[in-house]
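Here is what each chain is made of, one letter per residue.
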Amino acid sequence: MKNSRIRYRICAMALCGTLSWGGAMETWAAYGMAKGPGAHLQDYIVTIEAGSHPVYTSIDSEDTLKQASEGDVYEVLSDQGDGWVEVQVGESTGYILTEEDGVIVKELKEEDADRLSMEAQQQADLSETRRQELVNYALQFVGGRYRAGGNDPHTGADCSGFSSYVLLHGAGVSIARSSGAQAQQGVDVSADQMRPGDLIFYGNGSRINHVAMYIGNGQVVHASTERTGIKTSPWNYRTPARIKNVLGD
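Residues numbered from 1 in each chain as written. Predicted model: local features only at pLDDT ≥ 70, side-chain atom pairs only at ≥ 80, totals over all residues. Heavy atoms only, no water.

1. With respect to the environment of R195
Under the convention used in this document: To qualify as a helix, a DSSP run of H or I must reach at least 4 residues; to qualify as a strand, a run of E must reach at least 2; elements of each kind are numbered from the N terminus. The criterion used for residue contact is that any of the two residues' heavy atoms lie within 4.5 Å. Here a polar contact is recorded for every N or O atom pair within 3.5 Å, except that within protein the pair must consist of a potential hydrogen donor and a potential acceptor, and residues adjacent in sequence are included only if both atoms are side-chain atoms.
With respect to the element layout, R195 can be found in the loop between strand 11 (187-188) and strand 12 (199-204). The spatial distance from the C-alpha of R195 to the C-alpha of M213 is 9.7 Å, given a sequence separation of 18 residues. If we skip the residues at most four places from it in the chain, R195 touches E91, S127, R131, Y214, N245 and D249. One polar contact links R195 to D249, side chain to side chain, over a distance of 3.2 Å.

2. Some details on the sheet that holds strand 14 (residues 219-225)
Rule in force here: In this scheme, strands are said to pair when DSSP sees at least two bridges between them. In this description, a line fitted to the C-alpha atoms serves as the axis of each element, helices being fitted only across the stretch in contact, and the angle between N-to-C directions of two axes falls anywhere from 0 to 180 degrees.
Reading across the sheet, the six strands line up as 11-16-12-13-14-15 and stay open at both edges, with antiparallel pairing between neighbours. Lying at the two open borders of the sheet, with one neighbouring strand each, are strand 11 and strand 15 (229-234). Alignment of strand 12 against strand 13 (residues 207-216), held across six bridges, turns out to be antiparallel. Paired with Y202 across the strands is H210, a residue of strand 13. Seen against the sheet, helix 3 (residues 159-171) touches strand 12, strand 13, strand 14 and strand 15 and runs at an angle of roughly 45° to strand 13.

3. Description of the packing of aromatic side chains
Under the convention used in this document: We call Phe, Tyr and Trp rings a pair once their centres come within 6.5 Å, taking the six-membered ring for Trp, and we label the pair stacked below 30 degrees between planes, edge-to-face above 60, and tilted otherwise. Exposed residues in this analysis have more than 50% of their type's maximum accessible area, buried residues have under 20%, and partly exposed residues fall in between, with area computed by a 1.4 Å probe over protein chains only.
One pass over the structure, following the stated rule, counts five aromatic pairs. Between Y137 and F141, the aromatic rings sit 5.5 Å apart at their centres with planes inclined by 80°, giving edge-to-face as the arrangement. The residues Y137 and F141 share a single accessibility class, namely buried. Residues F141 and F162 carry aromatic rings whose centres are separated by 6.4 Å and whose planes lie at 90° to one another, so their mutual orientation is edge-to-face. Linking F141 in the loop between helix 2 (110-139) and strand 9 (151-152) with F162 in helix 3, this pair joins segments that are 21 residues apart in sequence.

4. Looking at the pattern of salt bridges
How we decide: The salt bridge definition used is simple: a Lys or Arg side-chain nitrogen within 4 Å of an Asp or Glu carboxyl oxygen.
Using the criterion set out here, one finds seven salt bridges in the structure. R131 is paired through a salt bridge with D198; the nearest N and O atoms lie 3.0 Å apart. Residue R131 is located in helix 2, and its partner D198 is located in the loop between strand 11 and strand 12; the two are separated by 67 residues in the primary sequence. On the basis of relative accessibility, which here comes to 3%, the residue R131 falls in the buried class. The exposure class of D198 is buried, given its relative accessible area of 1%. Across the pair D249 and R195 runs a salt bridge, and its minimum N-O distance is 3.2 Å. With D249 in the segment after strand 16 (240-245) and R195 in the loop between strand 11 and strand 12, the pair connects residues that are 54 residues apart, well separated along the chain. For the pair formed by D249 and R195, the shared burial category is buried.

5. Here's the deal with the side chain of T98
Relative to the helices and strands, T98 is located in the loop between strand 7 (92-97) and strand 8 (103-107). According to the relative accessible area criterion, T98 is buried, its value standing at 3%.

6. A closer look at the nonpolar core
Here is the rule: What is meant by a nonpolar core is a set of buried Ala, Val, Leu, Ile, Met, Phe, Trp, Tyr and Cys residues, joined one to another through side-chain atoms within 4.5 Å.
Of all hydrophobic cores here, the largest spans 27 residues; its most connected members are F162, V166, L167, L199 and M213. Other than its neighbours up to four places away in sequence, V166 contacts L134, Y137, A138, F141, A171 and M213. Core analysis: the second largest hydrophobic core is formed by 14 residues, Y44, V55, V76 and V85 among them.

7. Here we look at the layout of surface pockets
Summary: where empty space remains is shown by rolling a probe the size of a single water molecule over the atoms. Our working definition: Here the term cavity refers to a set of points on a 1 Å grid, laid over the protein atoms alone, in which a 1.4 Å probe fits but cannot get out; the term pocket refers to an open set having protein on both sides within 12 Å along at least five of seven lines, with lining residues being those that place an atom within 4 Å of a point. Grid points are joined across faces, edges and corners, and a volume is the space filled by probe spheres set on the points. Charged means Asp, Glu, Lys or Arg here, nonpolar means Ala, Val, Leu, Ile, Met, Phe, Trp, Tyr, Cys or Pro, and polar covers whatever is left, Gly included.
In this structure, the second largest pocket spans a volume of roughly 260 Å³. In this structure, the second largest pocket is lined by 16 residues; those nearest its centre are T64, G186, V246, L247 and G248. Looking at side-chain class alone, the lining of the second largest pocket contains six nonpolar, eight polar and two charged residues.

8. Topic: the environment of G83
Of note, G83 is situated in the loop between strand 5 (73-81) and strand 6 (84-89). According to the relative accessible area criterion, G83 is buried, its value standing at 0%.

9. A look at helix 3
Here is the rule we go by: The length a helix should cover is 1.5 Å for every residue beyond the first.
Its 13 residues place the ends of helix 3 17 Å apart at the C-alpha level, agreeing with the 18 Å of an ideal helix rising 1.5 Å per residue. Following helix 3 by one or two positions, G172 has its phi on the positive side, about 70°.

Dropping the structure here:
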């Protein structure tokens, strides 16, 4: 599916400040880009000039961070080969195929750097606001009933019913119903990277059996047990198995 798009297009290019990925090696060399897959690239950006293009979580996955659209600009981090580059997407990294029509790689100029810095700050502010609003939405249900198989914290929910309901109604994000399936979605983050709104999964051996939402200050909110209901707890009250960003920022 995705691999069918990995084809180099042999094309002529002029040294006019833009690159069409997959061109002549002398052009790559002229831009300091003949280092091969995995090489760190500085002072280059990807701009989306037309269409909508997926930004993937990895080259080998169909999971996407977002759809890049016309006007979007991303800092290039490294060349991954076969037309793929690693790009900065907010606080995450993603992968985009530069061979697609409307995807352009070019040198980073001062005005581009200023724009990227401003857009990154705006995006960070929006992300922080969105995440705090999600946390506030989730916290209104503290004290509510735990109900096995329940999907609505107004009437009772289990752990994954709570997380799926809150994300859908508090952030417009649809995720799977079971904790095990939810743990396969989104992007893995480390404990020092997690932010309010991320999901923390707990397990017994290799099996995921509980999910909670991080709310900041070392705390999570979750539908805990029938005895305790929906409550807050320290994020590491059990040993976390995985931490996921499912919000796509």
